[in-house]
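Analysis of the macromolecular model
Read off the chains here:
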Amino acid sequence: MIRREPIDRKGQVRVTFELPSDPWVERVNLVGEFNDWDTTSTPMVRARADANWKVTVELEAGRCYRFRYLVDGAQWLNDWHADDYVENPYGSSDSVVDLTESGGLPPS
């Protein structure tokens, strides 16, 4: 799941990425264009309320970003609530979050 909210800084959107809980998963990282596909720089944390994995990042509005989730350093997953999917050079596809509409917010 992806949630967007505008922030006071002009041209920025706070985006929360959420992946459903799995009792066998030990760690999840958000990896994408916004962190230069660094597999360790954006770790997700388990929410106490529902045990889902979550992380919030601030991104520049007005563009699209490719991303994926890396589970336990070995398994790549897409977000089934992504705005789009784009093929990558590795034979699979990347999720896309689209922040081009209405300052990064999804259409009403």
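Residues numbered from 1 in each chain as written. Predicted model: local features only at pLDDT ≥ 70, side-chain atom pairs only at ≥ 80, totals over all residues. Heavy atoms only, no water.

**Here we look at unusual backbone geometry**
Positive phi is not limited to glycine here, since Trp37 has a value of about 55 degrees. Assignment of secondary structure puts Trp37 in the loop between β3 (28-32) and β4 (45-46). What makes Trp37 partly exposed here is its relative accessible area of 32%. Backbone geometry at Ala51 places phi at a positive 70 degrees, although glycine is not the residue there. Here Ala51 lies in the loop between β4 and β5 (53-60). (Helix = DSSP H or I, 4+ residues; strand = E, 2+ residues; numbered from the N terminus. Buried < 20%, exposed > 50% of the residue type's maximum accessible area, 1.4 Å probe, protein only.)

**A short note on the sheet that holds strand β2 (residues 12-19)**
Spatially, β1-β2-β5-β4 is the arrangement adopted by the 4 strands of the open sheet, whose pairing is antiparallel. Edge strands, defined here as strands with exactly one partner in the open sheet, are β1 (2-6) and β4. (Pairing = 2+ DSSP bridges.)

**Quick word on the side chain of Thr16**
On the secondary structure map, Thr16 appears in strand β2. Excluding anything up to four places from it in sequence, Thr16 contacts Met1, Ile2, Arg3, Val55 and Thr56. (Contact = heavy atoms within 4.5 Å.)

**Regarding the pattern of salt bridges**
On inspection of all chains with the given rule, the structure shows 8 salt bridges. A salt bridge links Asp50 to Lys54; the shortest N-O distance between them is 3.9 Å. Among the charged side chains, a salt-bridge network with shared partners connects Arg3, Glu18, Asp50 and Lys54. (Salt bridge = Lys/Arg side-chain N within 4 Å of Asp/Glu carboxyl O.)

**Regarding the nonpolar core**
Counting 21 residues, the largest nonpolar core has Phe17 and Met44 as its most contacted members. Among the elements of the structure, β2, β3, β5 and β6 (64-71) are those that each provide at least two residues to this core. Not counting residues up to four positions away in its chain, the partners in contact with Met44 are Phe17, Glu18, Leu19, Val28, Asn29, Leu30, Trp53, Lys54, Val55 and Tyr69. (Core = buried A, V, L, I, M, F, W, Y, C linked by side-chain atoms within 4.5 Å.)

**Focus: the pairing of strand β9 (residues 93-98)**
With 4 bridges connecting them, β6 and β9 associate as antiparallel partners. Counted as the bridge partner of Phe67 is Ser95 from β9. The sheet contact formed by strand β8 (residues 84-87) and β9 spans 4 bridges and is antiparallel. Residue pairing across strands places Asp84 opposite Val96, the latter belonging to β9. Counted along the chain from β8 to the antiparallel partner β9, the turn is 5 residues long, and its residue Gly91 has a positive phi close to 85 degrees.

Bear in mind that shape data such as this cannot, by itself, settle questions of function.
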